[in-house]
2 protein chains.
Amino acid sequence: MKKLINDVSNVLTESLDGFAAAHADIVSLGAEHKFIRRKVLKPGKVALLSGGGSGHEPLHAGFVGHGMLDAACPGQVFTSPTPDQMIAAADAVDTGAGLLFIVKNYEGDVMNFDMAREMSGREIETVITDDDVAVENSLYTTGRRGVAGTLVVEKVTGAAAEQGASLAALKALGDKVNQATRSMGVALTSCTVPAAGKPTFDIGAEDMEMGVGIHGEPGRRRVALRQANEIAEEMVAAIAGDLGRKGDALLFVNGFGGTPAMELYLMYNAAAALLARHGIRAVRALVGNYVTSLDMAGCSITVTLLDDEIVKGWDAPIHTPALRWGV
Amino acid sequence: MKKLINDVSNVLTESLDGFAAAHADIVSLGAEHKFIRRKVLKPGKVALLSGGGSGHEPLHAGFVGHGMLDAACPGQVFTSPTPDQMIAAADAVDTGAGLLFIVKNYEGDVMNFDMAREMSGREIETVITDDDVAVENSLYTTGRRGVAGTLVVEKVTGAAAEQGASLAALKALGDKVNQATRSMGVALTSCTVPAAGKPTFDIGAEDMEMGVGIHGEPGRRRVALRQANEIAEEMVAAIAGDLGRKGDALLFVNGFGGTPAMELYLMYNAAAALLARHGIRAVRALVGNYVTSLDMAGCSITVTLLDDEIVKGWDAPIHTPALRWGV
């Protein structure tokens, strides 16, 4: 295992210390590294709280700040955060208007966020994301997995919260964005979890995993690597078919961590052209490493169909460590 | 070779098409893929033009926009762009106030930008960056290599140009920022150039290349992989020793493409603490993949000592595909 680390048991805390120091103008670190919170809260605003296993950076801590999340709870790598983390974060950022939990659909995450909701005694609604069309049930989920589309849910609800939307309205909006969003991924290599010290899965030198999950978990099938256009075609067909609607969309090509920007933009080019054939026009774009799987090579394609409310939320000003515009 | 590509001969053009489509609000693509230019020019402003071999994305095209570059010329992967690209770009973005060329110190780049300057007949000054302390002369350079510090030169001069600085003032400022900036890199793996189809260099499963260049070219020495703190210590000592001054600084931890954000922030944490021992205080931060070497694992550390003029330029509003704040 080749990684820029000291002791495997301190990777997360040392990384969080660096993150909090580098972005001290936007975020601060909770006691015992339990959460990253927005430095300056906005009283009366519904607080948005997310989290999940680490290893997907910048998701979620990189999205804490004006116009997106108020707090993020980082679990150990690919491991759900614990309810006490979520309760501590909720205590830190709830200014009286209640909390919206945004949770990727993995059994551990859903269970722990649900436990935190019950134990906290606060007013909390939960949006569960399940945008991955690759598989119906999977290694860690009942139902579909929540993957890169979670970013879109967090961005759009974050913008509405900033504008004073109520908790009930945010819950409805988050569910709507999730339902307008589909994703699918492909992996060319495995990722390597520091504590494991070896690749999560074996994959042949000529193979790819179509429909891979963001922890390197199996997708639809293992097949020989094909050209980018063919890969994009299968992913876009699955996404467009499942959406079953036409219209203007956000096209988000997400790198899993080990794939260069040059290839991600090439995939964007392919996907945009293919979506047009399905009657979906990419009018907003996001390309880069945002919902990663450590050092895995590959990418996912996410499409969110836009209506006036969603595009307004997407375009709204944001100032976080990983996403900034209009502020 | 595992890459998300179609035909190796079209990787660059397909990627540029995707880039231009994804960021059509900020940039446009020159004829024959010769350059990426700022979509809306600012008449009377000195135009900033950079470029170099591709494979370092988002450098340079990702930095075209308000507050940074007016145009970027992408060569083939790790190959200098040609003078006709630079002349076409200069013709497209010069609004009459002249042009500043910002060129990384590689023989091919310096020669071609110089030829373009002579042939264009326009008023042009050139800033050559050479921030890499690892080696004095190298595979492709006489003198030191220009690496990630180039981003800082482009950002700070771009801000001053936006404020109306003259060509002579920008030349002086660019040279000053370059002289206040030092970098050093480390590679844990090689990169793979698409057209070559195999890793640029061989490296043992337990080894790292200290002082590596951004094309995977040799650095100071090949040694066994050590802990992050020890790696950071050697890099910071080389940088601080060469700077020979104390003060407030921008600390920029740059990923080469294959290293996860978690490790980059861990390196930031280590480097900030080590710099403090040398009397250098990190008061500004940038962490991420900005000056990459395709899929190479590893990172570089860049330190720029700040004065009032440099920090003002760094903080100034910017709106480009890869860097945005304050707009």
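Thresholds, definitions, all that
- Residues numbered from 1 in each chain as written.
- Chains lettered and ligands numbered in written order.
- Predicted model: local features only at pLDDT ≥ 70, side-chain atom pairs only at ≥ 80, totals over all residues.
- Heavy atoms only, no water.
- Salt bridge = Lys/Arg side-chain N within 4 Å of Asp/Glu carboxyl O.
- Helix = DSSP H or I, 4+ residues; strand = E, 2+ residues; numbered from the N terminus.
- Buried < 20%, exposed > 50% of the residue type's maximum accessible area, 1.4 Å probe, protein only.
- Pairing = 2+ DSSP bridges.
- Axes fitted to C-alpha atoms, helices over the stretch in contact; angles between N-to-C directions.
- Contact = heavy atoms within 4.5 Å.
- Buried area = accessible area lost by both parts, 1.4 Å probe.
- Polar contact = N/O pair within 3.5 Å; in protein donor to acceptor, adjacent residues only side chain to side chain.
- Nonpolar A, V, L, I, M, F, W, Y, C, P; charged D, E, K, R; others polar.
- Domains from an automatic or database assignment.
- Patch = residues over 30% accessible without salt bridge, like charges linked within 9 Å, V, L, I, M, F, W, Y side chains within 5 Å.
- Areas by Shrake-Rupley, 256 points an atom, 1.4 Å probe, with all protein chains shown as cover.
- Expected span 1.5 Å × (residues − 1).

Chemist: Go over the pattern of salt bridges, please, and point to the residues and values.
Modeler: Under the counting rule described, the total for this entry stands at 44 salt bridges over all chains. In this structure, A:Lys34 engages A:Asp84 in a salt bridge whose closest nitrogen and oxygen atoms are separated by 3.3 Å. Here the residue A:Lys34 occupies a position in the loop between strand 1 (27-29) and strand 2 (36-38), and A:Asp84 occupies one in helix 2 (residues 83-93), the gap between them amounting to 50 residues. Owing to a relative accessible area of 37%, A:Asp84 belongs among the partly exposed residues under this scheme. Across the salt bridge formed by B:Lys3 and A:Glu263, the nearest N and O atoms sit 3.6 Å from each other. Taken as a pair, B:Lys3 in the segment before helix 1 (11-22) and A:Glu263 in helix 7 (residues 261-277) lie in two separate chains rather than in one. Overall, B:Lys3 belongs to the buried group, its relative accessible area being 5%. We classify A:Glu263 as buried; its relative accessible area is 4%. Look at the salt bridges and you will find they share partners, linking A:Arg38, A:Lys42, A:Lys45, A:Asp70 and A:Glu162 into a network.

Chemist: Explain the sheet that holds strand 7 (residues 181-187) of chain A to me, and be specific about the residues and the numbers.
Modeler: All names here are of chain A. Spatially, the six strands line up as an open sheet ordered 9-8-7-12-10-11, and their pairing is mixed. On the outer flanks of this sheet lie strand 9 (221-224) and strand 11 (280-288), each paired with one strand and no other. Direction aside, neighbouring strands of the sheet carry axes that sit 20° apart on average. Pairing of strand 10 (residues 247-255) with strand 12 (residues 298-305), which is carried by seven bridges, proceeds in the antiparallel orientation. Counted as the bridge partner of Leu250 is Thr304 from strand 12. Those strands touched by helix 4 (residues 149-162) are strand 7, strand 10, strand 11 and strand 12, and its axis lies near 120° from that of strand 10. Taken strand by strand, helix 5 (residues 167-179) contacts strand 7 and strand 12, and its axis lies near 50° from that of strand 7.

Chemist: For the interface of chain B and chain A, give the residues involved together with the corresponding values.
Modeler: Interface extent is often summarised as the accessible area lost during association of the parts. With 56 residues of chain B at the interface, the matching set in chain A holds 56 residues. When the buried surface of chain B facing chain A is broken down by residue, B:Lys2, B:Leu4 and B:Met262 rank first, second and third, together holding 22% of it. On the surface where chain B and chain A come into contact, there are two salt bridges. For the interface between chain B and chain A, the tally reads 20 residue pairs in polar contact (both at pLDDT 80 or more). For the side of chain B that touches chain A, the secondary-structure elements that each account for two or more residues are helix 1, helix 6 (228-243), helix 7 (261-277), strand 11 (280-288), strand 12 (298-305) and strand 14 (324-325) of chain B. If you tally residues by element for the side of chain B that touches chain A, the top one is helix 1 of chain B, at nine residues. In the side of chain B that touches chain A, the residues fall into 29 nonpolar, 16 polar and eleven charged.

Chemist: Go over unusual backbone geometry, please, and point to the residues and values.
Modeler: The step from A:Leu59 to A:His60 runs through a cis peptide bond, and the omega angle for that step is -5°. As for its position among the elements, A:His60 is in the loop between strand 3 (47-54) and strand 4 (71-77). Cis geometry marks the peptide bond from B:Glu57 to B:Pro58, where omega comes out at 10°. Mapped onto the elements, B:Pro58 comes out in the loop between strand 3 (47-54) and strand 4 (71-77). Look at B:His33: it is not a glycine, yet its phi comes out positive at around 55°. Within the element layout of this structure, B:His33 appears in the loop between strand 1 (27-29) and strand 2 (36-38). Phi is positive for B:Phe78, which is not a glycine, with a value near 55°. Tracing the backbone shows B:Phe78 in the loop between strand 4 and helix 2 (83-93).

Chemist: Mind laying out the sheet that holds strand 1 of chain B, listing which residues take part and the relevant values?
Modeler: All names here are of chain B. Reading across the sheet, the six strands line up as 1-2-4-3-5-6 and stay open at both edges, with mixed pairing between neighbours. Only two strands of the sheet have a single partner each, and these edge strands are strand 1 and strand 6 (124-129). Each adjacent strand pair in this sheet contributes to an overall mean axis angle of 20°, direction not counted. Where strand 3 and strand 5 (residues 99-104) come together, four bridges link them in parallel fashion. When the bridges of strand 5 are listed, Ser50 appears paired with Ile102. Contacts from helix 5 (residues 167-179) reach strand 3, strand 5 and strand 6 within the one sheet, and its direction differs from that of strand 6 by about 5°.

Chemist: Kindly report on the domain arrangement of chain A, identifying the contributing residues and their values.
Modeler: Residue and element names in this part refer to chain A. Domain parsing of chain A yields domain 1 (12-180) and domain 2 (181-306). Taking the mean C-alpha position of each, domain 1 and domain 2 sit 23 Å from one another. Taken together, the contact between domain 1 and domain 2 spans 29 residues of the former and 36 residues of the latter. Of the roughly 2,400 Å² buried between domain 1 and domain 2 on both sides combined, carbon and sulfur atoms contribute 63%. When residues of domain 1 are sorted by the area they lose upon contact with domain 2, Phe78, Val133 and Ala180 head the list and together hold 24% of the total.

Chemist: Break down a nonpolar patch on the surface for me, citing the residues and quoting the values.
Modeler: Residues A:Met111, A:Met115 and A:Met119 make up a contiguous nonpolar surface patch of about 320 Å² in total accessible area. Note on placement: A:Met115 falls in helix 3 (residues 107-120).

Chemist: Run through helix 1 (residues 11-22) of chain A, naming residues and quoting values.
Modeler: Given a rise of 1.5 Å per residue, twelve residues ought to cover 16 Å, and the 16 Å separating the end C-alpha atoms of helix 1 of chain A matches this to within 8%. Of all twelve residues that make up helix 1 of chain A, nine are buried, and the element is covered over most of its length. Considered for burial, the residues of helix 1 of chain A that qualify are A:Val11, A:Leu12, A:Glu14, A:Ser15, A:Leu16, A:Gly18, A:Phe19, A:Ala20 and A:Ala22. In this structure, the buried residues of helix 1 of chain A make contact with strand 1, strand 2, strand 3 and strand 4 of chain A together with helix 7 and strand 11 of chain B.

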